[in-house]
Amino acid sequence: MISSSKNYIQIIFVIVLLAGNVFFGGKYILSQKEFNQEKVVLENQKLNEDILNFTKLFIEKVLKTETEVDFETRLMLENAVRNLNDKDILKQWQEFVASQDENEAQEKVKDLLSILINKIKIEPIN
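In this text, all values refer to a predicted model and were calculated from it rather than measured experimentally.

Participant: What exactly am I supposed to notice about a nonpolar patch on the surface here?
Facilitator: On the surface, Y8, I11, I12, I15 and V16 cluster together to form a nonpolar patch covering roughly 530 Å² of accessible area. With respect to the helices, strands and loops of the structure, I12 is situated in helix 1 (residues 2-63). Exposure remark for I12: the relative accessible area of 53% places this residue in the exposed category.

Below is the structure:
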């Protein structure tokens, strides 16, 4: 009788331990999923911030200036656009830089600004 009750206690103890493992395993999986979603949101926010910073720099140093853009500013803009790590933006930037005349440059600026704005990802509010 004593060994029978010990067996029941051991079985109940094992079941409780297994249930705890399943419960905490499920919690862990849900936490990982939530973490990965938050990580994507943070990466998108960082990219958005970088795009906005480049756009602001471009507007201030190129569009609002009355003089020709100097070498240091061009280098700063080139580095900023490369740091975005976006092939579409870089391609459009290179087309802008390669413009042959003012009209072509104006068209390329419009295309560049359009791409920059369209690359910004807006997260829905929960």
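Next comes the rest of the description.
Participant: What is the right way to look at the layout of surface pockets in this model?
Facilitator: The gaps of empty space that remain are located by a probe, the size of a water molecule, rolled over the atoms. Estimates place the volume of the largest pocket at around 520 Å³. Forming the boundary of the largest pocket are 16 residues, of which V62, V69, F96, V97 and A105 lie nearest the centre. Sorting the residues of the lining of the largest pocket by element identifies helix 1, helix 2 (71-83), helix 3 (87-97) and helix 4 (102-119) as the ones contributing at least two each. The element best represented in the lining of the largest pocket is helix 2, accounting for five residues.

Participant: I'm lost on the environment of T67 in this one. Help?
Facilitator: Here T67 shows up in the loop between helix 1 and helix 2. You can call T67 exposed: its relative accessible area is 57%. Only 3.3 Å separates the side chain of T67 from the side chain of T65, close enough to count as a polar contact.

Participant: What exactly am I supposed to notice about the pattern of salt bridges here?
Facilitator: Opposite charge on two side chains makes pairing possible when the charged atoms of those side chains draw close. Taken as a whole and assessed by the stated rule, the structure comprises nine salt bridges. As a salt-bridge pair, E60 and K64 come within 3.4 Å of each other at their nearest N and O atoms. We note a salt bridge from E95 to K91, for which the minimum N-O separation is 3.2 Å. Taken as a pair, E95 and K91 lie in helix 3 at a separation of four residues, close to a single helical turn.

Participant: What exactly am I supposed to notice about helix 3 here?
Facilitator: Because each turn of an α-helix spans 3.6 residues, side chains separated by three or four positions end up pointing in the same direction. Taken residue by residue, helix 3 has I89, L90, Q92, W93 and F96 as its buried positions. Down the axis, helix 3 shows its buried residues gathered within 165° of arc, on one side only. Counted as exposed and oriented over 90 degrees from the buried face of helix 3: K87 and K91.

Participant: Would you mind showing me how to read helix 2 here?
Facilitator: In a regular helix each residue adds 1.5 Å, so 13 residues correspond to 18 Å; helix 2 covers 18 Å between its end C-alpha atoms and thus fits that length. T73, L77, E78, A80 and V81 are the residues of helix 2 that are buried. Along the axis of helix 2, the buried positions cluster into a sector of 165°, meaning they face one direction only. The outward face of helix 2, more than 90 degrees from its buried face, is lined by the exposed residues F71, E72 and N83. One or two positions beyond helix 2, positive phi appears at N85, with a value near 55°.

Participant: What should I look at first to understand the packing of helix 3 against helix 4 in this one?
Facilitator: Describing two packed helices takes the angle between their axes plus the distance from one axis to the other. Orientation of helix 3 relative to helix 4, taken along the N-to-C sense of each, is 165°, at an axis distance of 9 Å. Comparing their axes, helix 4 and helix 3 come out roughly antiparallel. Helix 4 is crossed by helix 3, and the crossing has left-handed handedness. Across the interface between the two elements, D88, I89, Q92, W93, E95 and F96 from helix 3 touch A105, K108, V109, D111, L112, I115, L116 and K119 from helix 4. Residue composition of the contact of helix 3 with helix 4, grouped by class: eight nonpolar, one polar and five charged.

The rules behind the values
- Residues numbered from 1 in each chain as written.
- Predicted model: local features only at pLDDT ≥ 70, side-chain atom pairs only at ≥ 80, totals over all residues.
- Heavy atoms only, no water.
- Patch = residues over 30% accessible without salt bridge, like charges linked within 9 Å, V, L, I, M, F, W, Y side chains within 5 Å.
- Areas by Shrake-Rupley, 256 points an atom, 1.4 Å probe, with all protein chains shown as cover.
- Salt bridge = Lys/Arg side-chain N within 4 Å of Asp/Glu carboxyl O.
- Helix = DSSP H or I, 4+ residues; strand = E, 2+ residues; numbered from the N terminus.
- Buried < 20%, exposed > 50% of the residue type's maximum accessible area, 1.4 Å probe, protein only.
- 1 Å grid on protein atoms, 1.4 Å probe; cavity = no way out; pocket = protein on both sides within 12 Å on 5 of 7 lines; lining within 4 Å.
- Points joined across faces, edges and corners; volume = space filled by probe spheres on them.
- Polar contact = N/O pair within 3.5 Å; in protein donor to acceptor, adjacent residues only side chain to side chain.
- Arc of directions from axis to C-beta.
- Expected span 1.5 Å × (residues − 1).
- Axes fitted to C-alpha atoms, helices over the stretch in contact; angles between N-to-C directions.
- Parallel < 35°, antiparallel > 145°, perpendicular 65-115°, else oblique.
- Left-handed = near helix turned anticlockwise from the far one by under 90°.
- Contact = heavy atoms within 4.5 Å.
- Nonpolar A, V, L, I, M, F, W, Y, C, P; charged D, E, K, R; others polar.

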